[in-house]
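Residue-level listing of the chains:
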Amino acid sequence: MSGAAVSETDIVFNGVSRFYGEVLGINKVSLTIPPGITSLVGPNGSGKTTLMNLMAGLIRPTQGEIRVLGIPPDHPERLCRILGYCTQFDAFPKGLTGYQFLYSFLRLHGMSDAECESRTLVALRLVGLADAAKRPVAAYSKGMRQRIKLAQATVHDPKVMVLDEPLNGLDPMARAEAIALFQQWGAEGRHVIVSSHILHEVDRISDQVILLSHGYVVAEGQIQGVRNEVKEQPMQIHVRCDRPRVLAARLLQQDNVVEAKLNPDGQGLLLRTRDADSFYLLLNHAILEAGLKVESVAPADDDVNSVYQYLIGGEGGTL
Amino acid sequence: MNAMWMRQLGGVLRLELKKTAFSRRGWWIYMLAAAPVVLMLAHWLTEAKIHSARHSIGEDSVIFAGAFLFFFLRGSIFFGCMGIFSNLFRGEMLGKTLHYYLLAPMRRELLVAGKYAAGLAVALVLFVGSTVASFLLIGRHFGPAWSDYLWHGPGAGQLGAYTLAAALACIGYGAVFLLCGLLFRNPLIPAAAVWVWEGLNPFLPALLKKISVIFYLKSLLPVEVPAPPPFSVMVIETDPTPAWLAVPGLLAVAAILLVYAAISARQTEIGYGE
């Protein structure tokens with residue numbers, strides 16, 4: 001990469017833009033994605049798939065440079081050994097069974113018959129399709145097709161897994177299994193790049209998030225860090241205690257507490273503050289002085305859903 | 001070529017053959033290959049039934065040469081190769097499956113080579129097979145005289161020349177249409193342009209004639225086909241290219257097109273229109 005040392009451990013975007021004719025895909029994106037689970041979040045057309053396609057070398061940037069663990073994406077013979085991509089396209093080569101689908105594309109890696117066979121069988125078992133291995137993929141249900149795509153993207157044991165809406169069409173059990181698998185891969189130090197519309201699942205699994213809107217990266221990093229950067233939206237903190245009215249009266253004397261809302265059950269408060277650090281100090285003093293019994297103190301809006309609402313807007317829950 | 005490349009090439013070839021050989025989508029290509037055989041079969045049966053030698057073997061060989069030039073080369077093989085080779089990449093794009101290939105850790109040049117080899121294998125089986133079967137059938141009604149013509153006369157040499165021309169047509173048109181499928185969203189438009197160009201070949205000046213596949217193939221045909229009036233007055237006669245030049249010339253044209261296709265494949269992006 002020009003001028004800078006090339007990272008062999010990260011995925012790096014340096015001033016990357018991609019246009020489809022007149023239409024903007026992504027614009028001037030500079031990112032560094034470390035190992036672990038990274039979620040791409042944004043509404044339809046925000047540039048998530050463009051970012052993933054660029055990473056996998058399926059499209060080329062109009063401007064800028066990309067390196068995936070030091071490898072430029074226009075060298076598929078090197079890149080695709082370390083990268084697996086589960087795309088959003090629900091399409092498969094005609095006439096192949098699940099086994100043939102995995103086996104045939106593994107052959108393109110140049111592996112021996114025996115290795116292709118053993119890897120195919122392991123991958124089929126991993127995604128729970130061993131019994132359906134000899135059935136044509138065309139006869140699979142949507143969930144099974146999603147699982148065979150996941151198996152195909154990961155059967156060669158890549159270091160970088162790019163997964164576009166990987167939980168689509170999976171039943172709750174399969175979703176839980178898939179998430180556990182992503183977490184295992186993330187814990188092993190692999191890069192797992194996931195795009196998902198389901199924010200509470202993103203929240204559960206992500207080590208870091210990249211928020212995209214209209215082709216721009218709106219925020220990136222660990223979700224708490226991103227939330228702290230959103231200064232214009234007061235932080236929400238939930239406190240459960242025995243005398244919430246007393247606590248509210250004490251806290252509202254301070255400038256940085258802008259709102260206190262009593263819980264319907266009368267056993268807690270939802271507080272909004274512009275300065276979380278000062279607030280926690282103040283809270284400690286107030287609790288000690290009033291002799292309150294505190295059950296819990298927890299941030300109420302440092303999840304992906306809230307950050308998404310603040311930065312991008314939308315319905316929440318699912319995009 | 002190293003062992004890894006060979007395995008990858010073999011992988012593409014196997015996968016393509018598994019997907020495409022005898023697929024239902026290719027029914028019209030099989031019909032194109034079968035049509036000349038059916039035509040010659042009908043000719044044989046008709047001639048055998050009426051028990052009259054209305055044509056001599058010599059006349060039938062001219063009929064076959066005409067059918068081969070106008071029906072096989074410009075019809076069956078041309079459109080058959082268009083169907084087979086332009087779909088190698090364009091079909092994957094339309095089926096939204098090209099990314100599986102592009103995400104394989106192999107050089108794009110090998111992908112082009114593997115797909116071309118698979119297409120060529122299918123085209124050769126269909127159209128060389130069809131040519132041989134048709135030739136053997138056209139004079140079948142002459143009985144022992146036809147066998148004698150085949151094995152002791154010029155028949156075997158003619159069959160060899162037609163087989164070579166059919167194979168070279170598959171090689172040449174295959175390269176043309178593979179490139180069209182890579183470069184154009186709708187390969188029918190360039191295919192139509194190539195078809196018109198090939199059809200105009202007899203009327204073109206000598207220099208332009210040489211920029212075509214049909215010119216070299218025509219030079220290889222063992223029996224000359226006279227142009228019928230009124231076209232005969234418009235034909236510009238040129239000396240045929242000798243076989244020693246026509247064969248490597250056509251192979252060289254195909255090789256150049258394939259090299260260009262391989263270079264283009266390195267720049268190929270997925271664009272499924274979503």
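Source: prediction; values computed, not measured. (Residues numbered from 1 in each chain as written. Chains lettered and ligands numbered in written order. Predicted model: local features only at pLDDT ≥ 70, side-chain atom pairs only at ≥ 80, totals over all residues. Heavy atoms only, no water.)

1. Digging into the nonpolar core
Under the convention used in this document: The set of buried Ala, Val, Leu, Ile, Met, Phe, Trp, Tyr and Cys residues whose side-chain atoms join them within 4.5 Å is what this entry labels a nonpolar core. For every residue, the accessible area obtained with a 1.4 Å probe (protein chains only) is divided by the maximum for its type, and the residue is called buried under 20%, exposed over 50%, and partly exposed between those limits. Numbering of helices and strands runs from the N terminus; a helix is a DSSP stretch of H or I covering at least four residues, while a strand is a stretch of E covering at least two. Note on definitions: a residue-residue contact is assigned when non-hydrogen atoms from the two residues lie within 4.5 Å.
A:Phe13, A:Val68, B:Phe85, B:Tyr173 and B:Phe177 are the most contacted members of the largest nonpolar core, which has 134 residues in total. In terms of residue count, helix 8 (residues 155-183) of chain B provides more of this core than any other element does, 17 residues in total. Apart from the residues within four sequence positions on either side, B:Phe177 is in contact with B:Phe78, B:Cys81, B:Met82, B:Phe85, B:Ser86 and B:Ala191. Listed in part, the 17 residues of the second largest apolar core include A:Ile37, A:Cys86, A:Leu181 and A:Ile205.

2. Considering the packing of aromatic side chains
All names here are of chain B. For clarity, the cut-off: Only centres within 6.5 Å qualify two rings of Phe, Tyr or Trp (six-membered ring in Trp) as a pair; their planes then separate them into stacked at under 30 degrees, edge-to-face at over 60, and tilted for everything else. By the criterion adopted, a ring carries a charge over it if an Arg CZ or a Lys NZ lies within 6 Å of its centre and within 35 degrees of its normal.
Considering all chains together, one arrives at 27 aromatic pairs over all chains under this definition. Ring plane angle 80° and centroid distance 5.2 Å describe the contact between Phe78 and Phe79, whose orientation is recorded as edge-to-face. Take Phe78: its relative accessible area is 1%, and that puts it in the buried class. Classification of Phe79 by relative accessible area gives partly exposed; the value is 29%. Site record: aromatic cluster; members linked through ring pairs are Phe64, Phe68, Phe71, Phe72, Phe135, Trp146, Tyr149 and Tyr162. Positioned over the ring face of Phe89 is Lys115, at 5.4 Å from the centre of the ring. A cation over a ring is seen here: Lys115 above Tyr101, with NZ or CZ 4.3 Å from the ring centre.

3. Topic: the interface of chain A and chain B
For clarity, the cut-off: The term buried area means the drop in 1.4 Å probe accessible area that two parts suffer when joined, counted for both and summed. The salt bridge definition used is simple: a Lys or Arg side-chain nitrogen within 4 Å of an Asp or Glu carboxyl oxygen.
The interface is formed by 35 residues belonging to chain A together with 29 residues belonging to chain B. Between chain A and chain B, roughly 3,000 Å² of surface is buried when both sides are summed, and carbon and sulfur atoms account for 60% of that area. The interface formed by chain A and chain B holds 4 salt bridges in total. Across the pair A:Glu77 and B:Arg107 runs a salt bridge, and its minimum N-O distance is 3.8 Å.

4. A few points about the sheet that holds strand 12 (residues 268-273) of chain A
Residues and elements named next belong to chain A. Which entries qualify depends on this criterion: For two strands to pair, DSSP has to find at least two bridges joining them. Simply put, an axis is a line fit to the C-alpha atoms, just over the touching stretch for a helix, and the angle between two N-to-C directions goes from 0 to 180 degrees.
Overall, antiparallel pairing links the 4 strands, which are arranged 11-12-10-13 in an open sheet. At either margin of the open sheet sits one strand with a lone partner, and together these are strand 11 (257-262) and strand 13 (294-299). Here the strands of the sheet are splayed against their neighbours by 20° on average, with no regard to which way each runs. Relative to strand 12, strand 10 (residues 235-241) runs antiparallel, the two being bridged by 6 bridges. The residue of strand 12 that forms the bridge with Ile237 is Leu271.

5. Comments concerning the confidence of the model for chain A
Filter applied, for reference: One confidence number per residue, pLDDT, is output by the predictor and ranges from 0 to 100.
The predicted model of chain A has a mean per-residue pLDDT of 87, with 95% of residues at 70 or higher. Of the regions scoring below 50 in pLDDT, residues 315-319 of chain A engages in 16 contacts with residues more than four places distant in sequence or in other chains.

6. Observations concerning the sheet that holds strand 3 (residues 36-41) of chain A
All names here are of chain A. Spatial strand order, 5-6-7-3-8-9: 6 strands in an open sheet with mixed pairing. Both edges of this open sheet fall to strand 5 (83-86) and strand 9 (216-221), since each of them pairs with a single strand only. In this sheet, adjacent strand axes meet at a mean angle of 15° when their direction is disregarded. Across 5 bridges, the pairing between strand 6 (residues 160-164) and strand 7 (residues 191-195) is parallel. Bridge pairing links Val160 to His191 in strand 7. Strands strand 5 and strand 6 of the sheet are contacted by helix 5 (residues 142-154), whose axis makes an angle of about 165° with strand 5. On top of the sheet, helix 6 (residues 172-187) reaches strand 3, strand 6 and strand 7; it is set at about 125° to strand 3, its chief contact.

7. A word on the domain arrangement of chain A
Put simply, the rule is: Domain segmentation is taken from an automatic or database assignment of domains.
Parsing chain A into structural domains produces domain 1 (11-228) and domain 2 (234-300). Using only C-alpha atoms to locate each centre, domain 1 of chain A and domain 2 of chain A end up separated by 42 Å.

8. Remarks on the pattern of salt bridges
If you walk through the whole model with that rule in mind, you get 21 salt bridges over all chains. The partner of A:Glu77 in a salt bridge is B:Arg266, with the nearest N and O atoms 3.8 Å apart. With A:Glu77 in helix 2 (residues 76-82) and B:Arg266 in helix 12 (residues 243-266), this pair bridges two chains. Overall, the relative accessible area of 16% leaves A:Glu77 in the buried class.

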